[in-house]
Amino acid sequence: MVSCTDTASGGRPVRVDRWDRQGSNRPMEAVGDECALKLSTSLRLMTQNINGFGQFAENIKELAVKELLIEKKIDVMGIQETNVCWHKMQNKHKIWDRFRGWKECGSCKVSVAYNSIDTISAKSQYGGTSLITMDMLAHRLIDSGVDNTNLGRWAWSRYRGKEGRVLQIVSVYRPCRSGKYNSAYLQQMRYHLRHNDARCPREVLLEHLADHIETYKEKGDSMVVMGDWNEDVRGATIGEFKENTGLVDVMLQQFLDEDNAPATYNRGKYPIDTILTTRGVDITGAGYLAFGEGAGDHRPLYIDVDISSVLGSDLPPPTTYVARRLKCDDPRVVRAYNKAFKVS
């Protein structure tokens, strides 16, 4: 994706691919590779802060997420700021039930992190993340979980490949500093103060996430960490986090000049969302979708990953089955069903 064959005066490489032809922070345009054709040898991973999933099933944001999953052929989508205290919802409105049986011809698994220990939140609760896994990867899911504080800071899922290879994907939401009533920042601060830790929750999150990454890197996992960092990802703080964890920013890596990275929040000036990976994860495509795509006020970001680099090659396709449904458009079937129902 990077071409540096041309040089300017003084021998400095000049990038000539489409990314550098995009102006910095252009407000509405997509930047990078077009999120269109997906190769059968690639996994498509996407992340977006949707600023609230909605408390009731079939709401406009939920439908927008489902449409995006289908339209862009996404294998795993990380969502930040679900903003729902899920255990206080009726079953039919919980995120697991909203996606259960949604794709009749495929499979769909959901990993959800939210503050399950907070006693103040109503049904609406700031923060939270989730991972939605589709089709082939859903059949390879071996484990999933959340950060060990149960504050809803990140959700993770692990997928088994060949010869013991494992891919782990993490969806993280790092809150902005906010004194707003029961903001994600204040939820986390209250928790840490109860445990005699008066540090900024944003600092603590990076430390704990780095520990999580190191633990699973030692186990040999290939890792993809994606989300909303609520800070310019080109700055010193996130730069130090990348250096300490050994992760590569595969979004910024696409730019010869990082100053050309676009704003990812529609009222912001800087890229505060990004995707990080361990070394060896082969990226075959990457891009920032336009504002207005998906369900939130942040750009969706995506990468295409070569399957063989994270799960191995020659993976057998999963077997899927089409569920049998009652044919309600056939009056004979309807009459027979109603008759059997009344008899029973």
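This text goes with the structure placed above it.
From a predicted model like this one, the values you see are computed outputs, not experimental measurements.

Chemist: In this structure, what is going on with the pattern of salt bridges? I would like to understand it.
Modeler: Pairing is possible between side chains of opposite charge, provided their charged atoms come close. As enumerated under the stated definition, the model contains 18 salt bridges in all. A salt bridge links Arg-199 to Glu-203, with the nearest nitrogen and oxygen atoms 3.9 Å apart. Residue classification places Glu-203 among the partly exposed residues on the basis of a relative accessible area of 42%. We note a salt bridge from Asp-297 to Arg-267, for which the minimum N-O separation is 3.6 Å. Here Arg-267 lies in the loop between strand E12 (248–249) and strand E13 (273–277) and Asp-297 lies in the loop between strand E14 (283–288) and strand E15 (301–306), a separation of 30 residues in the sequence.

Chemist: Honestly, helix H1 (residues 60–71) in this entry has me stumped. Any pointers?
Modeler: Since the α-helix turns once every 3.6 residues, residues separated by three or four places project in the same direction. Counted at 1.5 Å a residue, the expected span for H1 with its 12 residues is 16 Å, and the 16 Å between its end C-alpha atoms agrees. Capping the start of H1, Asn-59 holds a side-chain oxygen 2.9 Å from the backbone nitrogen of Lys-61, two or three residues further along. Of the residues trailing H1, Lys-73 is marked for its positive phi of about 55°.

Chemist: So what exactly am I meant to see when it comes to helix H6 (residues 236–245) here?
Modeler: Burial in H6 covers these residues: Ile-238, Phe-241, Lys-242 and Thr-245. Down the axis of H6, the buried set is contained in an arc of 100°. They therefore lie on one face. Facing away from the buried side of H6 by more than 90 degrees, the exposed set consists of Ala-236, Glu-240, Glu-243 and Asn-244. Residues of H6 that are buried make contact with helix H5 (201–218), E12 and E13. One or two residues past the end of H6 sits Gly-246, with phi positive at roughly 75°.

Chemist: Help me understand the nonpolar core, please; the structure alone is not making it clear to me.
Modeler: Nonpolar side chains in soluble globular proteins tend to be buried together. One finds Leu-43, Leu-45, Ile-169, Leu-209, Val-225, Trp-229 and Ile-303 to be the most contacted residues of the largest nonpolar core, which totals 47 residues. Of all the elements, H5 adds the most residues to this core, at six residues. Beyond its immediate stretch of four places on either side in the chain, Ile-303 contacts Leu-43, Arg-44, Leu-45, Val-224, Val-250, Met-251, Ile-275, Thr-277, Ile-283, Gly-285 and Ala-286. Residues Cys-35, Val-65, Ile-74 and Ile-132 belong to the second largest nonpolar core, which totals 26 residues.

Chemist: Would you explain the sheet that holds strand E5 (residues 76–80) in this entry?
Modeler: Hydrogen bonds between backbone atoms are what pair the strands of a sheet, whose relative direction is either parallel or antiparallel. Taken in spatial order, the seven strands of this open sheet run E3-E14-E15-E4-E5-E7-E6, and their pairing is mixed. One side of each edge strand has no neighbouring strand; the edge strands of this open sheet are strand E3 (31–32) and strand E6 (108–113). Sheet topology places E5 next to strand E7 (residues 129–134); five bridges connect them, and they run antiparallel. If you follow Gln-80 over to E7, its bridge partner there is Thr-129.

Chemist: What is the right way to look at unusual backbone geometry in this model?
Modeler: Outside of glycine, negative phi angles account for most residues, and trans bonds account for most peptide bonds. Unusually for a residue other than glycine, Lys-73 sits at a positive phi of about 55°. Along the chain, Lys-73 falls in the loop between H1 and E5. For Asn-83, which is not a glycine, the phi torsion comes out positive at approximately 60°. Here Asn-83 shows up in the loop between E5 and helix H2 (95–99).

Chemist: It is not clear to me how the packing of aromatic side chains should be interpreted in this structure. Could you clarify?
Modeler: Counted under the stated rule, the structure contains seven aromatic pairs. Relative to Phe-99, the ring of Phe-53 lies with its centre 6.2 Å away and its plane at 50°, an arrangement referred to as tilted. With a gap of 46 residues between them, Phe-53 in the loop between strand E4 (42–49) and H1 and Phe-99 in helix H2 connect regions that are remote in the sequence. Taken individually, Phe-53 and Phe-99 each receive the classification buried, so the pair is uniform in this respect. Ring geometry for Trp-229 versus Phe-241: centroids 5.5 Å apart, planes at 50°, classification tilted. Of this pair, Trp-229 sits in the loop between strand E11 (222–228) and H6 while Phe-241 sits in helix H6, and the two are 12 residues apart along the sequence. What links up through ring pairs into an aromatic cluster is the set Phe-53, Trp-86, Trp-96, Phe-99 and Trp-102. Sitting above the plane of the Phe-99 ring, Lys-66 keeps its charged end 5.1 Å from the centroid.

Chemist: Got a minute to help me understand the sheet that holds E11 in this structure?
Modeler: Read from one edge of the open sheet, six strands run E8-E9-E10-E11-E13-E12, paired in mixed fashion. The strands lining the two open edges of the sheet, one partner per strand, are strand E8 (141–146) and E12. Two elements, E12 and E13, share two bridges in a ladder whose sense is antiparallel. Looking at the pairing, Asp-249 lines up with Leu-276 of E13.

Chemist: How should I be thinking about the packing of helix H4 (residues 184–194) against H5 in this particular structure?
Modeler: When two helices pack together, their arrangement is captured by the angle between the axes and the distance separating the axes. At a minimum axis distance of 9 Å, the contact between H4 and H5 shows a crossing angle of 75°. Classified by the angle between their axes, H4 and H5 sit roughly perpendicular to one another. Contacts between H4 and H5 involve Tyr-185, Gln-188, Met-189 and His-192 from the first element and Pro-201, Arg-202, Val-204, Leu-205 and His-208 from the second. Taken together, the residues of the contact of H4 with H5 break down into five nonpolar, three polar and one charged.

Chemist: Just to check I follow, could you spell out the pairing of E7 for this structure?
Modeler: A regular strand places its side chains so that they alternate between the two faces of the sheet. Burial analysis of E7 places six of its six residues in the buried class, which makes it a mostly covered element. Here E7 shows no split at all, with Thr-129, Leu-131 and Thr-133 on one side and Ser-130, Ile-132 and Met-134 on the other all buried. Alignment of E6 against E7, held across six bridges, turns out to be antiparallel. For Ser-111, the partnering residue across the bridge sits in E7 and is Leu-131.

Thresholds, definitions, all that
- Residues numbered from 1 in each chain as written.
- Predicted model: local features only at pLDDT ≥ 70, side-chain atom pairs only at ≥ 80, totals over all residues.
- Heavy atoms only, no water.
- Salt bridge = Lys/Arg side-chain N within 4 Å of Asp/Glu carboxyl O.
- Buried < 20%, exposed > 50% of the residue type's maximum accessible area, 1.4 Å probe, protein only.
- Helix = DSSP H or I, 4+ residues; strand = E, 2+ residues; numbered from the N terminus.
- Expected span 1.5 Å × (residues − 1).
- Polar contact = N/O pair within 3.5 Å; in protein donor to acceptor, adjacent residues only side chain to side chain.
- Arc of directions from axis to C-beta.
- Contact = heavy atoms within 4.5 Å.
- Core = buried A, V, L, I, M, F, W, Y, C linked by side-chain atoms within 4.5 Å.
- Pairing = 2+ DSSP bridges.
- Phe/Tyr/Trp six-rings, centres within 6.5 Å; stacked < 30°, edge-to-face > 60°.
- Lys NZ or Arg CZ within 6 Å of the ring centre and 35° of its normal.
- Axes fitted to C-alpha atoms, helices over the stretch in contact; angles between N-to-C directions.
- Parallel < 35°, antiparallel > 145°, perpendicular 65-115°, else oblique.
- Nonpolar A, V, L, I, M, F, W, Y, C, P; charged D, E, K, R; others polar.

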